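Architecture at a glance
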Amino acid sequence: MAKTNAAAQAKGQKNLFSFFAKKPSASKPAASAAAGAVGSTKKSSSSAPSSSTKGAPSKKNDTSSSKPPPSVRPSNNNRTVAQPTPSQLKLLQKITVGTKLAVYWPDDNEYYPCVVSRHRVRAETGDPGHVYTVNYEDGEIETIDLSKEKFRIIGGVKRSNTNGNDNKNNTTNATAAPKSVNANKRRRILEDTDDDDDDEEMEFESDDEDDDTGSEFKMNDNESMDDSLDVEEGGDDDNDTDNWLASEDDDDEEDFQEKKKPKSSKKNKTVMKVTEVVGRVGGDDRGNRFVSPTPRKVTGSNAKKTSSSNDMSTMDFSNFASQSPTRGDVTQKKSLNSSSSSNNNNDKSSSPMPQTSNNSTTNNKTAPPKPIAGVVNSAGSHLHNHLKFFTTNRKDGYGHPTTHTEYSPRSLQVSLSEIERESGSKVSPAQKQWWEIKSQYADCVLLFKTGKFYEMFHDDADVGVKDLGFVYMKGTLAHAGFPEAAYDKMSTKLVDAGYRVARVEQTETPDALKERKKKAPTGKKPQVVCREVCGLVTKGTKTYCFLEDASVLERDNGGGGNGRGPLLTIKEIMLEDTCGDDEVMEGEADETGTKAVCEYGVTIVDAVTGAVTLGQFADDVLRSRMQTLLASFGPSEVIYEGGANGASKTLISLLKSSCPPTMIFRDLLRTEKFPRSFAVKPDDRRMVERVKSDVHPWDSNETLKELHRKGYYPRSSRKNEPSSGDEGIARWPEILRSCIQGGATLALQSFGAALYFLQASLIDVEILSMGIVKPYCPPNNVGSGADKAAATDHLEDMYSKEANQIDGRSLVDTETPVSFGRSLVPASLDASVLEAESNIDHMALDGRTLTNLEILNNITSGGYQGSLLSKIDATQSPHGSRLLRAWLLRPLFRKVDIDRRADVVEELAGGAVAVAMAEARPVLRKIGDIERLLSRVHSMSGGGSGEGGNGDSHPNDRAVLYEMDKYTKRKVGDFSKLLNGLRAASEIPVLFANAEIQSPMLAKIVRTTDENGCFPSEMKERLDWFFDNFDLKKAARGQFEPSQGMDDDYDAACNEIEDIQRELQNYKDEMCSSVLQPRNTARSSWKYINVKEDSKDKYLIELPVSVQVPDDFYVKAKRGKGANQVNKYRTPVVEQLVQDLERAIDVKNERKAEGMKIIFAKFDSIRSVWMAATHASAMLDALGSLAQIASQPGFCRPQIVDCHPSAKPGIEVIQGRHPCVDVTHSGGDFIPNDLVLGGKFESDDPADESSVLLLSGPNMGGKSTLLRQTCLITILAQVGSFVPAESCSLTPVDRIFTRLGASDRILCGQSTFFVELAETAAAVRGATRRSLVIMDELGRGTSTFDGTAIASATVQHLVERNQCLTLFATHYHSLLEDWKNEPSIRLGHMECVVEDDDDSEKKNIAFLYTLGDGPCPKSFGVNVARLAGLPDDVLERAKRVSVAFEAEMNGESNNHKIIPSEAEDIVNKIERLFSTGADLNHGELKQIWEGLQ
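Residues numbered from 1 in each chain as written. Predicted model: local features only at pLDDT ≥ 70, side-chain atom pairs only at ≥ 80, totals over all residues. Heavy atoms only, no water.

Turning our attention to the packing of helix α25 (residues 895-909) against helix α26 (residues 912-927). Closest axis-to-axis distance for the α25/α26 pair is 6 Å, and the angle between their directions is 80 degrees. Relative to α26, α25 is oriented roughly perpendicular. Touching E907, L908 and A909 of α25 are V913, A914 and M917, all from α26. A breakdown of the residues in the contact of α25 with α26 according to their chemical character gives five nonpolar, no polar and one charged. (Axes fitted to C-alpha atoms, helices over the stretch in contact; angles between N-to-C directions. Helix = DSSP H or I, 4+ residues; strand = E, 2+ residues; numbered from the N terminus. Parallel < 35°, antiparallel > 145°, perpendicular 65-115°, else oblique. Contact = heavy atoms within 4.5 Å. Nonpolar A, V, L, I, M, F, W, Y, C, P; charged D, E, K, R; others polar.)

A word on the packing of aromatic side chains. Taken as a whole and judged by the stated rule, the model has 30 aromatic pairs. Measuring from ring centre to ring centre gives 5.5 Å for Y454 and Y487, while their planes differ by 45 degrees; the resulting arrangement is tilted. Placement of Y454 in strand β15 (residues 453-457) and of Y487 in helix α10 (residues 487-496) is noted, with a sequence separation of 33 residues between them. Taking the relative accessible area as the measure of exposure, Y454 reaches 0% and is therefore buried. Looking at Y487, the relative accessible area reads 2%, which means it is buried. (Phe/Tyr/Trp six-rings, centres within 6.5 Å; stacked < 30°, edge-to-face > 60°. Buried < 20%, exposed > 50% of the residue type's maximum accessible area, 1.4 Å probe, protein only.)

With that settled, consider helix α8 (residues 429-440). Over its twelve residues, α8 runs 17 Å from end to end, which matches the ideal 16 Å to within 8%, given 1.5 Å per residue. Counting buried residues in α8 gives nine out of twelve residues, a clear majority hidden from the surface. By the burial criterion, the buried members of α8 are P429, A430, Q431, Q433, W434, W435, I437, K438 and S439. Looking at the buried side of α8, the elements it contacts are α7 (416-423), β14 (444-450), β15, α9 (459-468), β17 (500-506) and β18 (531-537). (Expected span 1.5 Å × (residues − 1).)

A few words on the environment of R623. With respect to the helices and strands, R623 occurs in the loop between β23 (611-619) and α13 (624-633). R623 sits 26 residues away from V597 along the chain, and the two C-alpha atoms are 9.0 Å apart. Among the polar contacts made by the side chain of R623, one reaches the side chain of Y600 at a distance of 2.8 Å. (Polar contact = N/O pair within 3.5 Å; in protein donor to acceptor, adjacent residues only side chain to side chain.)

Here we come to the environment of L1427. Tracing the sequence through the fold places L1427 in helix α42 (residues 1421-1428). Taking the relative accessible area as the measure of exposure, L1427 reaches 57% and is therefore exposed. Taking the C-alpha atoms as reference points, L1427 and I1405, separated by 22 residues in sequence, lie 10.0 Å from one another.

Grouped together as the largest cluster of nonpolar side chains are 111 residues, with contacts concentrated most on L908, F992, F1163, W1170 and I1275. Element by element, the count of residues in this core is highest for helix α37 (residues 1167-1190), at 13 residues. Once residues lying within four places of it in the same chain are set aside, the contact partners of F992 are L908, V913, A916, M917, A920, I997, V1006, R1007 and L1180. (Core = buried A, V, L, I, M, F, W, Y, C linked by side-chain atoms within 4.5 Å.)

Before going further, it helps to spend a moment on the sheet that holds strand β30 (residues 1087-1089). Pairing is antiparallel in the open sheet, where four strands are placed in the order β30-β31-β33-β32. Sheet topology places β30 and β32 (1114-1119) at the edges, where each strand pairs with a single neighbour. Averaged over neighbouring strand pairs, the angle between their axes works out to 35 degrees when direction is ignored. Here β30 runs beside strand β31 (residues 1100-1104); their pairing, made up of three bridges, is antiparallel. By the bridge assignment, K1087 is partnered in β31 with E1102. Here helix α35 (residues 1132-1153) sits on the sheet and contacts β30, β31, β32 and β33 (1126-1130); the angle it forms with β33, its principal contact strand, is near 65 degrees. (Pairing = 2+ DSSP bridges.)

With 70% of its residues at a pLDDT of 70 or more, the protein has an overall mean of 75. Of all helices and strands in the protein, the one with the weakest mean pLDDT is strand β6 (residues 199-205) (30), whereas β15 scores best (96). Segment residues 1-81: pLDDT under 50, and 369 contacts once partners within four positions in sequence are set aside and those in other chains are kept. Long-range and interchain partners of residues 583-593, a stretch whose pLDDT sits below 50, account for 19 contacts in this model, where long-range means more than four residues apart. (pLDDT = per-residue confidence, 0-100.)

Moving on: the sheet that holds strand β35 (residues 1199-1200). Here four strands make up an open sheet; going across it, the order is β35-β40-β36-β37 and the pairing mixed. Sheet topology places β35 and β37 (1233-1238) at the edges, where each strand pairs with a single neighbour. Pairing between strand β36 (residues 1210-1216) and β37: five bridges, direction antiparallel. Note on β37: the bridge partner recorded for G1210 is G1238. Contacts from helix α38 (residues 1263-1279) reach β35, β36, β37 and β40 (1287-1290) within the one sheet, and its direction differs from that of β36 by about 110 degrees.

Here is the structure:
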């Protein structure tokens, strides 16, 4: 058999893992996946090849008739065969081991010589039957049933006894050949699968005759992977075999199974062609990918040929097949045929692929097709598809079925007996290991490490084929995989698709396994190397560790465009005064607010930066505050409580309707099984596992106990070991401590769920030990009295304090807000309202406003581009971008705070400071994402390994990784970026050193701590130490060695080694000078040998035999003879010193191996210094971004005016533009507008201080744009930015309410009109006199009369009760008429020009997009309909109806509609006229008729 170069090379290299990436071998048959058996091209053939098969192009010119290169030798199976006649039995009885035969191959029309090597016994009955193993002359081995084949006896017959019964000896002798085959099995697999041919063909034969059945004999096809793992796990030692896919029985590969199958047809065949494609998507390690074949039918000369020979010595036993099936469930099957083809002497080897029958009519119609051994089976036809415990009868670790309310998909009950029953072989140790891990991580995709490859088995392989573009490998088990080097790419694809990806690594070497076997007690010894889950990655827990490429974060620059949002856990409870899921009990809503119906505890975990945010708040029936949270943080993964008493349907519906489709939702039950560790050492298992396997994630007490046990945060006392409660938490993060002491139980419960998820993902230590815990409180709804608990009050206070640091208000002395005095407060203004205003420090933006105004994301696609943030974000660093985003979510409210920030922006935009800022921007770009890199270094330092941390107990520290060079470079690269970034940050104070800075806030930001600034003064010196002691180039090559002063243990070990070496030298001097004789010879010849650190028998003393030594010198070895003999001595003194030396060397090597971790830990120990520089650089970057906006033409600094208690709030914008719209939809320049609303700033005349603008105008005339731009200008002004206008003055706004657009929430059961009214309700209930409300076409979701009524009542409420600034756009002209004389309301419209066409029915409209005074006479909806392309007949009809309806509404129509009450009166009159019996009063009837006309 000819070998390709690739096959020969693979054979020579003995690549242990190349098997897992090979293309489908040509040596296995393929057939109907539905049938679960192999068909035949030979008449009534039923063979299943063992190693390789035949059926290749016929060698016509070969006079020896040698068999052609191997291809698929198919067979017909599952047929009932008639008993052979006596003459046929007589011929078969002549065949024994050693008999020479010639077997007929019909496609080639040739007989090929072979020798019988074994007579096989039927496994079911023990009957020897007529199944033989034959060896062809070219080394090919095949097992066939000769009762169904055409053959000739061409040689003598060997018999082991005189009576011809050789079954026993045949069985014994036949084992020799298979054992030889087994010994070279790995070599053959590599040879067979490394064929370089481009095209491989195989043929399938359809079944027209379903009444002939026979027997199929099938080998176990799984030994090849077993052999590869055998080499990996322990070489030739049978006990070391990691029997992954094979039985532990050595003879399992020789077992055969009989299966019934209908006879295949002789008429039509289907050819399946497999083409090799170059690529790296999936396939082998050489870049080859194999795509699924497309079947095609062939007829004619390739059809099976049937011999008509009647020679009794050449018998075709298939002619005697029975015409009736043996079972009642007759199933049509397709059979496999080998196709012969040749092309210019280039042999094409067959690559069998499965074919699923579409005509299967088995008893179980839903049963998947049976897998076929030795071929590539299609999806849905592998072993796991037939395991009931894995499919239809799935249960979790508690035994709950999938229909149970407490069912958890995270665990699985595994039945090994069912696996053995379905597979027909024992479960190997490696299989058992995989299933044990899968039972603990049932909802994860396991990437199971085998050597250098991550393997995917069973349902995980289905995922690999579906989502990664892989193809299945051969065998009954679904199997795919990829090399370790591709982990980042493949895991990212899986995580983006929504999967939980569990990385299972080998944490033990084969040598360590052997040592463990030696130490294991008598009995069952370990059979496979230890494997552990070393990481579990989801969208919300991806930390971008050294295994993953973080360049996507750097490209995004922190703008939020990569979709890597945080992890959010939610704990919800319904308040006692609510009934049902959401309903509020009657009478619970008050006039000033919406009664709280539920309360939430939330935890937000940012895995990238290691920040944890806690919050607790009450919410209304609309879940307004939860919507705000979702809009503000944009989580990528949400976890809520599952089960019967878990999260409400309203919350789940809200999450699914409000969040983007890429968000992942998971539920955690009240009781979950925590995955157990598979580590060898009990201490390692203890640090990874929970105390009990049954965990209550939502239990706050259990959470506190676990926090104490794991020691993520430093203890405040070492005298007592606190187990729970608030003991020993004085050094914990302040926010977490406040939640514990303040009784924020819901926040702690949500934190417990997050802790469970982080622990299961094995990232709990690296995140929680960062100690970054922040508070969160969404904008409050007025009147939610239940939200005034002490816990939430305390969280609000902490949130305000945190906001002061984020905003930079803590950098300067806080100025007292302007006090107007009680005498200046008008009697109409409640004192409590003024007090509430004085406590406000930020503008509140709820979730609806953030969405409607496109603050963070655009409405069209939900993406980052086109949002307000994208327009003002000119930051140079990711952490600067994150800070600017935080500012935009919480604009300032107090005039003094806004002006202080605007002063900095103005100073950075012009003057001498602007020059320094221009130089600083490139420096800020070099800084990079310091926050993320600090988190990475903390993780690489073994963060949390101090007081109670798990230290080296993390499975990653034990993992056997083959790409360590790449990972080391990545670690060093991150550290190098961090060092260089911080060095660049340290240059910022130098750039501003000579600038005359006017703003105290800016001076604080850019100065060092020596000058009362923010940048640490000692930062440069500390960075220089790391640059001097950490050689980045050597470290990237893995050659790093700690320098003096870096590690005390390392230094002590080095010093001890030097001391011991010095003592050895002193000992030599002492012995040579006073003890040894002759002294001169001893002094000149004394020599220490084996002085290297890795030498054995260190410091042996070499002396000539002529030197006289004391008795305590004993000879360890010698060299030479006679007078030239040199002895190698050891003395007790030297022996003791060597022992001490070896201990010191061990410590040195251990600390050297930990050298990089030591550096990282030392760097992490002064993280507060780096964080101070991080915050200062982020502040400067965010302010510099606003300065970039300010320097653009057309932007001005807004004037912020304090709102006097006796004055009205107001806003005045001259030539204002929309910040996000540069041009109109038609391509022209954006047209600016003036807007004056509320109190006047240049005049004390309150005559025209209307606070409500009723805005009308044509559709598409720019009304919504004007509403939005007013809000956005207000937000920018209070952020401290310049605004797109010629001039702008405003009083600070405490909150913006928006009612825009039309959308529904089907999943929440809320119609479009309901959503409209819900947004309106939030405004009319929550708006104060300092609020800004915009409403666009309120009431359009219902009838005109109801809509007008609701709109009018809302306007009245806003004018009389809220007294806030309002922009109200409407098409209800009657509403304009009703309010035209109200002093607090001003009418305006978006101007347009209407030009009459020649056709009186058509009018052209030109939008001017300018704001004019007074109402607009019409909405011109028909004109917009014409622009939209409605048919002319529809437009004409609409125009007539519109004119008539308008005339009727104006009282100009002669038509009179009869209302129901009038109609009833008329009917009664007519009935009375006709019922009188007298002559009909024609005059009265005429009068009625005329009235109707």
